[in-house]
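What follows is each chain in one-letter form.
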Amino acid sequence: MKAKLLSFMLFFSFQSLIHGQERIRTTVFNITEIGAYFGSRDKLIKEEFHESVSDTHTAYIISFRNIRGWEFNRKFSLGLGIGYEGVIVKGAKNPDQLMVEGDYRYYTYKYTPGTYYHTIPIFGQAKYYFRKHPESAFIHSSLGSFLNLNRNVSKSLLLWGLGIGQQYKIGSGALFSIGIDFQERYLITSQNEKQRISGIGLCVGLLFN
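If you tally the helices and strands in the chain, you get one helix and 10 strands. The order of α-helices and β-strands along the chain, N terminus first, is α-β-β-β-β-β-β-β-β-β-β. Contacts in the chain between residues at least 24 apart in sequence constitute 62% of all its contacts with a sequence separation of at least 6. As displayed, the chain has an accessible area near 12200 Å², and 60% of this comes from carbon and sulfur atoms.

Below you can see the structure in the form of structure tokens.
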């Protein structure tokens, strides 16, 4: 389903580009974004026909990204991005052992410490603007992977995201954007556990062209 949504957005954007009635005009732009996300870190177990979640912890993500892109006729853009993202997985207190003392029963708890991930995302982004005007609403999709700087991760897998937002003109050749983004990433730890880290949050940026 996720792959189909990304494919649809990319197809829709390319169709708008290919079937435009006017000559294509290209503008180069550079955008710096800061985002804060709230979500979860899930451990995934491979079963016969699907993956199931075995353990879920709260996760917080702080993102700094820079995207260099090309805008076509103010309706569609393609960009390449790189940045830094810090992920904080909150620790949890989970039931560990049932204790029985006469008629009194209670659990002892085991505390699982939090985990920190430091990543460098590398991705491509497609964006569609609803108006041929600098102050326009937009939707975008991102697809790529990331470099992980932690020793407890053996392999970085997929990174993808979807978002919607609005741009505002703040000066000659400068725009301010604000939007809501959803992103998801997959990795494999050194203990051979597959994990999914997902989050939804607010992203703001400054664009110059």
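We now examine the environment of Tyr129. With respect to the helices and strands, Tyr129 occurs in strand E6 (residues 115-129). Overall, the relative accessible area of 2% leaves Tyr129 in the buried class. In the structure, Tyr129 is positioned 35 residues away from Ile164 in sequence and 10.0 Å away in space, judged by C-alpha atoms. The residues touching Tyr129, leaving out its near neighbours within four places in the chain, are Glu71, Arg74, Lys75, Phe76, Ser77, Ser136, Ala137, Phe138 and Gln167.

Before going further, it helps to examine the nonpolar core. Judged by nonpolar contacts, Tyr37, Ala59, Ile61, Val87, Val89, Tyr117, Phe146, Val153, Leu159, Leu187, Ile197 and Cys203 together constitute the single largest core of 12 residues. Sorting the residues of this core by element identifies strand E2 (51-72), strand E3 (76-89), strand E8 (153-171) and strand E10 (194-208) as the ones contributing at least two each. When residues no more than four places from it in sequence are discounted, the contact partners of Ile197 are Ser40, Arg41, Ala59, Ile61, Val87, Tyr117, Gln183, Glu184, Arg185 and Leu187. One finds Phe29, Ile31, Leu175 and Leu207 within the second-largest nonpolar core, a separate group that totals six residues.

Taken in spatial order, the eight strands of this closed barrel run E1-E2-E3-E6-E7-E8-E9-E10, and their pairing is antiparallel. Strand-to-strand, the axes of this sheet are offset by a mean angle of 20 degrees, without reference to chain direction. Summarising the sheet, E8 and strand E9 (residues 174-189) pair through 15 bridges and their orientation is antiparallel. Pairing of Lys155 across the sheet is with Ile188, part of E9.

Its identity as a non-glycine residue notwithstanding, Asn73 has a phi of 55 degrees, on the positive side. Along the chain, Asn73 turns up in the loop between E2 and E3. On the accessibility criterion, Asn73 (10% relative accessible area) is buried. With phi around 65 degrees, Asn192 is a residue other than glycine that occupies positive phi space. One can find Asn192 in the loop between E9 and E10. Residue classification places Asn192 among the exposed residues on the basis of a relative accessible area of 65%.

Right, let's get into the pairing of strand E7 (residues 137-148). In this structure, E6 lies alongside E7, joined through 11 bridges in antiparallel fashion. If you follow Tyr129 over to E7, its bridge partner there is Phe138. One ladder, built from eight bridges, connects E7 with E8; its direction is antiparallel. The residue of E8 that forms the bridge with Ala137 is Gln166. Remark: four residues form the turn of the hairpin made by E7 and E8, two consecutive strands paired antiparallel.

Each value, and the rule that gives it
Residues numbered from 1 in each chain as written. Predicted model: local features only at pLDDT ≥ 70, side-chain atom pairs only at ≥ 80, totals over all residues. Heavy atoms only, no water. Helix = DSSP H or I, 4+ residues; strand = E, 2+ residues; numbered from the N terminus. Contact = heavy atoms within 4.5 Å. Areas by Shrake-Rupley, 256 points an atom, 1.4 Å probe, with all protein chains shown as cover. Buried < 20%, exposed > 50% of the residue type's maximum accessible area, 1.4 Å probe, protein only. Core = buried A, V, L, I, M, F, W, Y, C linked by side-chain atoms within 4.5 Å. Pairing = 2+ DSSP bridges. Axes fitted to C-alpha atoms, helices over the stretch in contact; angles between N-to-C directions.

Geometry only, nothing functional implied.
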